[in-house]
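Descriptive analysis of the structure
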Amino acid sequence: MKIIKVKNQVEGGQVGARIFQEALQNKAQVFGLATGSTPISIYDAIAKSDMDFSDKISINLDEYKGLSGDHNQSYRHFMQEHLFNEKPFKKSYVPDGLNPDGFAESDRYDAILDEFPRDLQILGLGQNGHIGFNEPGTSFESTTHEVDLTESTIEANARFFDDQNDVPRQAYSMGIKSIMSAKQILMVAYGENKAQAVQAMIEGPVTEKVPASVLQKHDNVIVILDEAAASKLNQ
Ligand code: GLP
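Rules behind the numbers
Residues numbered from 1 in each chain as written. Predicted model: local features only at pLDDT ≥ 70, side-chain atom pairs only at ≥ 80, totals over all residues. Heavy atoms only, no water. Near = heavy atom within 4 Å. Polar contact = N/O pair within 3.5 Å; in protein donor to acceptor, adjacent residues only side chain to side chain. Areas by Shrake-Rupley, 256 points an atom, 1.4 Å probe, with all protein chains shown as cover. 1 Å grid on protein atoms, 1.4 Å probe; cavity = no way out; pocket = protein on both sides within 12 Å on 5 of 7 lines; lining within 4 Å. Sits in = over half its atoms within 2 Å of the grid points. Nonpolar A, V, L, I, M, F, W, Y, C, P; charged D, E, K, R; others polar. Pairing = 2+ DSSP bridges. Helix = DSSP H or I, 4+ residues; strand = E, 2+ residues; numbered from the N terminus. Axes fitted to C-alpha atoms, helices over the stretch in contact; angles between N-to-C directions. Points joined across faces, edges and corners; volume = space filled by probe spheres on them. Buried < 20%, exposed > 50% of the residue type's maximum accessible area, 1.4 Å probe, protein only.

Let's shift gears to the site of the ligand. Around the ligand there are 14 residues in total, and Ser37, Thr38, Asp62, His130 and Lys194 lie nearest to it. Within the side chain of His130, a nitrogen or oxygen atom sits 3.0 Å from an oxygen atom of the ligand. Arg159 has a polar side-chain atom sitting 3.0 Å from an oxygen atom of the ligand. Bound to the protein, the ligand loses 94% of the 400 Å² it would expose on its own. Here the ligand is seated within the largest pocket. Partitioned by chemical class, the residues of the shell around the ligand number 3 nonpolar, 8 polar and 3 charged.

Here is the structure:
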């Protein structure tokens with residue numbers, strides 16, 4: 001893993017956008033995208049740049065089950081607001097939160113992932129080490145699946161909803177095997193509340209108890225951290 005330490009999220013955004021730029025120069029066609037507060041500064045920097053994605057494909061990591069794409073807390077809506085309005089892609093895939101059939105939706109999404117192998121996948125990190133919505137205990141062999149969110153994730157995400165009871169209890173997420181099949185992975189984490197998960201991800205054992213630790217097995221990972229997120233690293 002190549003670790004890049006940055007002063008703050010603005011600098012992290014610039015570094016992250018540069019990695020997107022390099023991927024474009026290397027003829028990347030398919031970009032795996034993520035939601036959450038972490039990637040926002042990267043999307044902001046991309047939005048202000050002259051990068052053009054109008055003939056590229058994007059595939060998002062996950063979506064809440066039960067929310068339509070135009071619900072203001074859906075991940076489709078998030079992407080529209082933070083990136084796609086400024087930088088439209090030729091085609092942007094996000095799981096369909098309104099598909100009630102978890103198996104059908106997972107198969108549909110896996111077929112999309114097979115058709116469009118990702119050149120670059122951006123990831124945020126859950127406080128418990130989750131990636132996408134792959135909570136601790138998820139098999140490293142998992143493909144797209146329906147997830148029951150943990151209480152800690154529901155609590156962490158409640159800040160975006162009017163009421164904690166409005167946070168969906170389930171989601172569709174790319175699996176860990178799907179995430180690992182991207183050619184390059186850009187993991188980003190900021191803040192002290194991620195420091196423990198960052199330490200476990202980089203220096204701990206590779207274990208399904210810490211989904212992000214699987215990244216130690218990928219040969220092309222860049223990690224962007226601010227000082228607080230890097231504060232528990234020994235190296
Ligand atoms: C959610 C998303 C993850 C994201 C994580 C961290 O649970 N499913 O993809 O990485 O939250 O979010 P944040 O970047 O807001 O800390």
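Pairing is parallel across the open sheet formed by 7 strands, whose spatial order is 1-10-9-6-2-3-5. Of all strands in the sheet, those bounded by a partner on one side alone are strand 1 (2-6) and strand 5 (91-93). Between one strand axis and the next, the sheet turns by 15 degrees as a mean value, whatever way the strands run. Here 4 bridges tie strand 2 (residues 30-33) to strand 3 (residues 57-60), and the two strands are oriented parallel to one another.

Let us look at the layout of surface pockets. Each pocket or cavity is described by its volume, and for the largest pocket that value is around 720 Å³. Together, 37 residues line the largest pocket, and Gly36, Ser37, Asn157, Arg159 and Phe160 are the ones closest to its centre. Contributions of two or more residues to the lining of the largest pocket are made by strand 4 (62-64), helix 3 (75-84) and helix 5 (151-157). Of the residues forming the lining of the largest pocket, the biggest block, 5 residues, is contributed by helix 3. Of the residues in the lining of the largest pocket, the class split is 13 nonpolar, 20 polar and 4 charged. Approximately 160 Å³ is the volume found for the second largest pocket. Lining the second largest pocket are Ile19, Glu22, Ala23, Asn26, Lys27, Ala28, Asp119, Lys183, Gln184 and Asn220. Ranked by the residues each element gives to the lining of the second largest pocket, the list is headed by helix 1 (residues 9-25), at 3 residues. Partitioned by chemical class, the residues of the lining of the second largest pocket number 3 nonpolar, 3 polar and 4 charged.

This part covers the side chain of Ser41. With respect to the secondary-structure elements, Ser41 resides in helix 2 (residues 40-48). Of the polar contacts made by the side chain of Ser41, one reaches the backbone oxygen of Gln9; its length is 2.7 Å.

A positive phi is found at Lys27, a non-glycine position, where the angle reads about 70 degrees. Tracing the sequence through the fold places Lys27 in the loop between helix 1 and strand 2. Residue Lys27 is classed as exposed on the basis of its relative accessible area, which comes to 63%.

So yeah, pure geometry; function would need other evidence.
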